[in-house]
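Coordinate inspection notes
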Amino acid sequence: MSTRSRRPRLALAIGAGLAVTATLTLTGTGVADAPPTPADSTTVTPAGHAFTAKVNGKATFKAGSVTLTCAVSASQPSASGTNNQIPQAPDNANPAGPVASDINPPTYSSCTTNLPGVTATVTTTGTWGVSMQNGSPASATLTVPTAGFVLQTSGLASCTVTSAPTGPSSVTGTWTNGSPSKITFVNAAVPVKVTGGFGCPTGAVTSAFNAVYDVTDVTDPASQITVSG
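Each value, and the rule that gives it
Residues numbered from 1 in each chain as written. Predicted model: local features only at pLDDT ≥ 70, side-chain atom pairs only at ≥ 80, totals over all residues. Heavy atoms only, no water. Salt bridge = Lys/Arg side-chain N within 4 Å of Asp/Glu carboxyl O. Helix = DSSP H or I, 4+ residues; strand = E, 2+ residues; numbered from the N terminus. Polar contact = N/O pair within 3.5 Å; in protein donor to acceptor, adjacent residues only side chain to side chain. pLDDT = per-residue confidence, 0-100. Contact = heavy atoms within 4.5 Å. Core = buried A, V, L, I, M, F, W, Y, C linked by side-chain atoms within 4.5 Å. Buried < 20%, exposed > 50% of the residue type's maximum accessible area, 1.4 Å probe, protein only. Phe/Tyr/Trp six-rings, centres within 6.5 Å; stacked < 30°, edge-to-face > 60°. Disulfide = S-S within 2.5 Å. Pairing = 2+ DSSP bridges.

Before going further, it helps to examine the pattern of salt bridges. Oppositely charged side chains can form a pair if their charged atoms are brought close together. All chains considered together, the criterion is met by one salt bridge. We note a salt bridge from Asp214 to Lys182, for which the minimum N-O separation is 2.5 Å. Of the two residues, Asp214 is situated in strand E15 (residues 206-217) and Lys182 in strand E14 (residues 181-196); the sequence distance between them amounts to 32 residues.

Following Thr45, the chain continues to Pro46 via a peptide bond in cis, the omega torsion being 0°. Examined against the element boundaries, Pro46 turns out to sit in the loop between strand E1 (42-45) and strand E2 (51-55). At Ser110, a position not held by glycine, the phi torsion is positive, near 50°. Following the sequence through the fold, Ser110 ends up in strand E7 (residues 107-113).

So, about the side chain of Thr153. On the secondary structure map, Thr153 appears in strand E11 (residues 149-155). A polar side-chain atom of Thr153 sits 2.9 Å from the main-chain carbonyl oxygen of Ala157. Within the structure, the side chain of Thr153 is placed 2.9 Å from the backbone nitrogen of Cys159, a separation counted as a polar contact.

Summary statistics for the protein give a mean pLDDT of 85 and a share of 84% for residues scoring 70 or more. Low pLDDT, under 50, characterises residues 1-31; the stretch is placed with 132 contacts to residues that sit more than four places away or in other chains.

This part covers the nonpolar core. Here is a general trend for soluble globular proteins: nonpolar side chains tend to be buried in one another's company. Phe61, Leu68, Tyr108, Val122, Phe149, Trp175 and Tyr213 are the most contacted members of the largest nonpolar core, which has 45 residues in total. Here this core gets six residues from one element, more than from any other, and that element is E14. Beyond its immediate stretch of four places on either side in the chain, Leu68 contacts Ala59, Thr60, Phe61, Cys111, Thr112, Thr113, Ala120, Val122 and Leu151.

This structure, assessed with the given rule, holds four aromatic pairs. Seen in terms of ring centroids, Phe61 and Phe149 are 5.2 Å apart; in terms of plane orientation they differ by 40°. Their pairing is tilted. Placement of the pair is Phe61 in strand E3 (residues 59-63) and Phe149 in strand E11, with a sequence separation of 88 residues. Residues Phe61 and Phe149 agree in their burial class; the two are buried. Between Tyr108 and Phe149, the aromatic rings sit 5.5 Å apart at their centres with planes inclined by 80°, giving edge-to-face as the arrangement. On the criterion of sequence distance, the pair formed by Tyr108 in strand E7 and Phe149 in strand E11 is long-range, its members being 41 residues apart.

Residue placement: Thr143 occurs in strand E10 (residues 138-144). Among the residues examined, Thr143 registers a relative accessible area of 7% and is labelled buried. Counting along the chain gives 21 residues from Thr143 to Ala164, while the straight-line C-alpha distance between them is 9.6 Å. Among the polar contacts made by the side chain of Thr143, one reaches the side chain of Ser170 at a distance of 2.7 Å.

Time to look at the state of the cysteines. Under the criterion given, the structure shown has two disulfides. A sulfur-sulfur separation of 2.0 Å characterises the disulfide bridge that pairs Cys70 with Cys111. Here the S-S torsion is close to 105°, and the disulfide linking Cys70 with Cys111 is therefore right-handed. Of this pair, Cys70 sits in strand E4 (residues 66-75) while Cys111 is found in strand E7, placing the two residues 41 residues apart along the sequence. Judged by relative accessible area, which is 0%, Cys70 ranks as buried. Among the residues examined, Cys111 registers a relative accessible area of 17% and is labelled buried.

Another point: the sheet that holds strand E16 (residues 226-228). Strand order in the open sheet formed by three strands is E5-E1-E16, with antiparallel pairing between adjacent strands. The open sheet is flanked by strand E5 (93-94) and E16, the only strands paired with a single partner. Sheet topology places E1 next to E5; two bridges connect them, and they run antiparallel. Note that in E5 the partner of Thr43 across the bridge is Ala93.

Structure (structure tokens):
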């Protein structure tokens, strides 16, 4: 994480049980909400430590009849820079809200589809973000930049699925302290745009992503990344 001030992050959909299953959902129109409850204070420790988020199991994405399963996914710190780093004190604490960090885009590989004769690759770009919020339960929000996730299939169906096609989007999951700590995303919806020919789910406008990521301390592997009040 960096110590500079961070832009607000919108709520998206990039997660799957690292044993993962994704389902397609459509956004609806709701009624007026009650005034929001003030956010709890949040402290993320150890301050200044770098971290890696690695999928525990598989990540699965579904758009229409096409299901993508990726066995490998991770966001890791670079040799230089402050991405994937908890902010230095005192910025690792917020008296009334989340603690945020820029992260490197997670990679997705060893991906397969449920359709015979169809292969797929995933390209991720831009600066992503994660913010942790103390609570019951604690939560983590992963932010995808505009067009930061692109799925391309080839073979019997040639399709392009672009997440967050018109602006940044975020997905909120549950944070669990532990050894390692985990972020679990369940049916988190993200806007998508699908283009292509026969066999492509071009009617899909949102998709759901479920995932579990292990979050480990790179600076001191004996330590754990922890969210508290």
